[in-house]
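Below are the chains, spelled out letter by letter.
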Amino acid sequence: MSSRRSSSGSGSQPQTTPDTSPQWIPGLGEDKPKPRTLGTSFFGYVPDAFVEKTPFMPSEKSAKAKTPSDGVPATSPQYKSDKEASPRSEDSLHPESPISERSVSLLSSCAKFVELTLKQQQQQQQERDMDASSDEGVVTEEVVAVKRVGRTEAEPWADSPDGSAQNRLLIKGGRVVNDDMMQDADIYIEDGLIKQVGQNLYVPGGTRSIDAKGKLVIPGGIDTHTHMQLPMMGTFAIDDFFVGTKAALAGGTTMIMDFALPQKNESLVEAYHRWRAWADAKVCCDYALHVGVTWWSHKVREEMEELTLSHGINSFKMFMAYKDVWQLDDGDLLESFKRCKELGALAQVHAEHGDAIKENCRKLLDMGITGPEGHELSRPEEVEAEATNRACVLANQVGCPLYVVHVMSKSAAEIVADNRRKGHIVFGEPIAASLGTDGTHYWHKCWRHAAGHVMSPPLRPDPSTPNFLMDLLANGDLQATGTDNCTFSAPQKALGKDDFTKIPNGVNGVEDRMSVIWEKGVASGKMDPCRFVATTSTNAAKIFNIYPKKGRIAAGSDADLVVWNPHQTRVISAKTHHHAVDFNIFEGMEVHGIPEYVVCGGRVVVEQGEVKAVAGSGKFVPTPVYSPHVYARVKERDNASAPTKVDRPPYDGPVAQPNGTSHRGSAHESPFTATKETFYTRGPTRSGGLNLHDSSFHVSGRQKGDEESQRSRIKIVFSKEGKSLPGIFWCPGR
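Residues numbered from 1 in each chain as written. Predicted model: local features only at pLDDT ≥ 70, side-chain atom pairs only at ≥ 80, totals over all residues. Heavy atoms only, no water.

Let us now look at the confidence of the model for the protein. Summary statistics for the protein give a mean pLDDT of 80 and a share of 68% for residues scoring 70 or more. Note on residues 130-165: pLDDT is under 50 here. Beyond four places in sequence and across chains, it has 69 contacts. In this model residues 671-675 is a low-confidence stretch, pLDDT under 50, and it forms 9 contacts with partners more than four residues away in sequence or in other chains. (pLDDT = per-residue confidence, 0-100. Contact = heavy atoms within 4.5 Å.)

The structure is reproduced here in structure tokens:
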């Protein structure tokens, strides 16, 4: 019989099983068993568990101690018969010992038992066959997800605690790509974690093997910016957390970062819990949350601390747009930036000048411009650039690291790059939409087509913008990539058919982000595969402090990775994507680079284009504060740039007084403080008369001589040569 261990680099292949024995990895074809609900038992890869073995792997020893008879329930007939039989001898454990008749009989009975179990499962599955996206399907999977809601650390999908082969995976022959290196290596995965990376690996028999020869093996993508089922403008984004994360997996993204956005005066903590309730039962991949600061008060200040200490939040988003809804004024922005720095959190901004946008919208509607083109006209590029610069200035004044979300224009991107060159701690995030298309679509004759591109900030009509942003992303001036995935169907967009300000803002992107960036970046020669990994995964993991748990292929990291075919092509279309929305802004774009296999949490969830997502199988990933990638140089930078006092002896000379006198006074007296109200700022002449260079003006409105008593009339006598003329004129006094 074969040895329990096999080498990934030797001529021998890992132990395989007959076609009649089910080798199942969660997430494979329809004809394979799926994750159970409570009360339904199943086996993964069973036959190997009954074969006489060589000494166990450490994980097998612990599993052996917990489960009788290699995972067979104690109540089963096999366990009872095995218990009655005599124990194994030392010789029977040796790999070269012949198989005993008892072992053959045991294997035969085991195979029959498994076949019966599988038939029962298939019958149960047929009875509850439904679309996982339906309400009923979600409820079915919630039973399993309940165990995972409270977890704050990475743990494997715990359907099989005995460490059976369904939790083991070997990816062979691929080129492993990290942000800093590429190497030809195999990857062994067990219990949701990467255990080994290298060549000539020793792995347990029965491990499933995926051939990645000629392919790249990259870390799973991290989308830093999504809005699944976001309530907006009287409706909800049509991609909920199940459909949205399923689409993400289809494109090679294994983790999303969504936003909990409270309404004005709503508790931030309550908004966080509402988003967790929406997401936990539905997500097919791991996720994290940012929290929006949409208003400011002492309560918000305290809740920010609670969220960082108790709920795994390390980033807060402030809006400079959406006036009267989410927008903060400059004073509140400063306070929120200061609070983020005190907590070790990262401040994010949606950078647009909300007041200017509101005024522009009013003017355009008065002019009769009601179509989607009005959206871009009301939010021109300079409005985004001004807000981006203002946010950088305000954050720098308080020494707070800043993350500018969805950088959409050339001028805004240049501001981010310029501030980074000055040494400011600021990060820029372009999105798939701004890298893959432009804003000329707003002038399309089809209203639905134009409205389908409406988002904020808008796409820019300058067709050179995507290439410009990709250049900055490739050379490091921009760092991470998201999608702002927030999709609305045609009927939902039609809420603004007569008023562009009422069109729900949002586009797709979570499924196509990886392929669009590969096509526009790597296939065009602007970046290499390492930089691709950095911009789609690793940099995000570093910025939000989940590296190397995420964003890297290394021993101990989460088993989230993609077997990437850089040569295969596909054409993006709404007819074939996995979103719920009926429109795709990349429609008709041919892209190189597709995910042939996607592994999420150690489970194969995409295989040759077939997505096998399970609602509730993802988990919430806490993001700790004080990310080293963000805060490592904050303290030293503050110390280096701190203002210093000049030590000098106090001034004890004469201090001028407003009335012209002088005396030797204290250095703390201001020479510009008037002791009494006076018209004179100059001294009298040498003879004691009025200085004619002085002014009789006073800001109070008083005039010189107001304090003198008034006369009722004045006698004026006209004379000629000293003689009085007849007639005397009396003029009224003052």
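Attention now moves to the nonpolar core. Of all hydrophobic cores here, the largest spans 96 residues; its most connected members are Phe316, Met318, Phe337, Leu402 and Phe532. A per-element tally of this core places helix α6 (residues 241-250) first, with 7 residues. Beyond its immediate sequence surroundings of up to four residues, Met318 is in contact with Val293, Leu328, Leu333, Ser336, Phe337, Cys340, Ala347, Gln348, Val349 and His350. Counting residues in hydrophobic clusters, the runner-up holds 23 residues, among them Ala433, Val454, Leu459 and Met589. (Core = buried A, V, L, I, M, F, W, Y, C linked by side-chain atoms within 4.5 Å. Buried < 20%, exposed > 50% of the residue type's maximum accessible area, 1.4 Å probe, protein only. Helix = DSSP H or I, 4+ residues; strand = E, 2+ residues; numbered from the N terminus.)

With that out of the way, let us pick up the sheet that holds strand β5 (residues 186-190). The sheet built from 4 strands is open, its strands ordered β6-β5-β2-β8 with mixed pairing. Lying at the two open borders of the sheet, with one neighbouring strand each, are β6 (193-198) and β8 (208-211). Strand-to-strand twist across the sheet, computed as the mean angle between neighbouring axes with direction ignored, equals 20 degrees. Pairing between β5 and β6: 5 bridges, direction antiparallel. Note that in β6 the partner of Asp186 across the bridge is Gly198. (Pairing = 2+ DSSP bridges. Axes fitted to C-alpha atoms, helices over the stretch in contact; angles between N-to-C directions.)

Take unusual backbone geometry next. That bond from Ser456 to Pro457 is cis: its omega, -10 degrees, falls within 30 degrees of zero. By the element assignment, Pro457 lies in the loop between α15 (447-451) and α16 (465-475). Of note, the bond from Tyr547 into Pro548 is cis; its omega dihedral lies within 30 degrees of zero at 5 degrees. Within the secondary structure, Pro548 sits in the loop between α19 (529-543) and β19 (561-571). Even without being glycine, Asp324 reaches a positive phi, approximately 70 degrees. Here Asp324 shows up in the loop between β15 (315-319) and α9 (330-343). For Asn545, which is not a glycine, the phi torsion comes out positive at approximately 65 degrees. Mapped onto the secondary structure, Asn545 falls in the loop between α19 and β19.

Each packed pair of helices is defined by two parameters, the angle between the axes and the distance between the axes. At a minimum axis distance of 9 Å, the contact between α9 and helix α12 (residues 381-397) shows a crossing angle of 50 degrees. Relative to α12, the element α9 lies oblique. Crossing of α9 over α12 shows right-handed handedness. Mapping the contact onto sequence places Asp330, Leu333, Leu334 and Phe337 in α9 and Arg390, Ala391, Leu394 and Ala395 in α12. Looking at the contact of α9 with α12 residue by residue, the classes come out as 6 nonpolar, no polar and 2 charged. (Parallel < 35°, antiparallel > 145°, perpendicular 65-115°, else oblique. Left-handed = near helix turned anticlockwise from the far one by under 90°. Nonpolar A, V, L, I, M, F, W, Y, C, P; charged D, E, K, R; others polar.)

In this section: the sheet that holds strand β21 (residues 603-607). As a general point, the strands of a sheet are linked pairwise by backbone hydrogen bonds and lie either parallel or antiparallel. Spatially, the 7 strands line up as an open sheet ordered β4-β3-β9-β19-β20-β21-β22, and their pairing is mixed. Only two strands of the sheet have a single partner each, and these edge strands are β4 (182-184) and β22 (610-611). Note that β19 and strand β20 (residues 590-600) share 8 bridges and pair antiparallel. When the sheet's bridge partners are listed, Leu561 is paired in β20 with Val599. This element, helix α18 (residues 513-522), spans β9 (216-219), β19 and β20 of the sheet and lies at about 135 degrees to β20.

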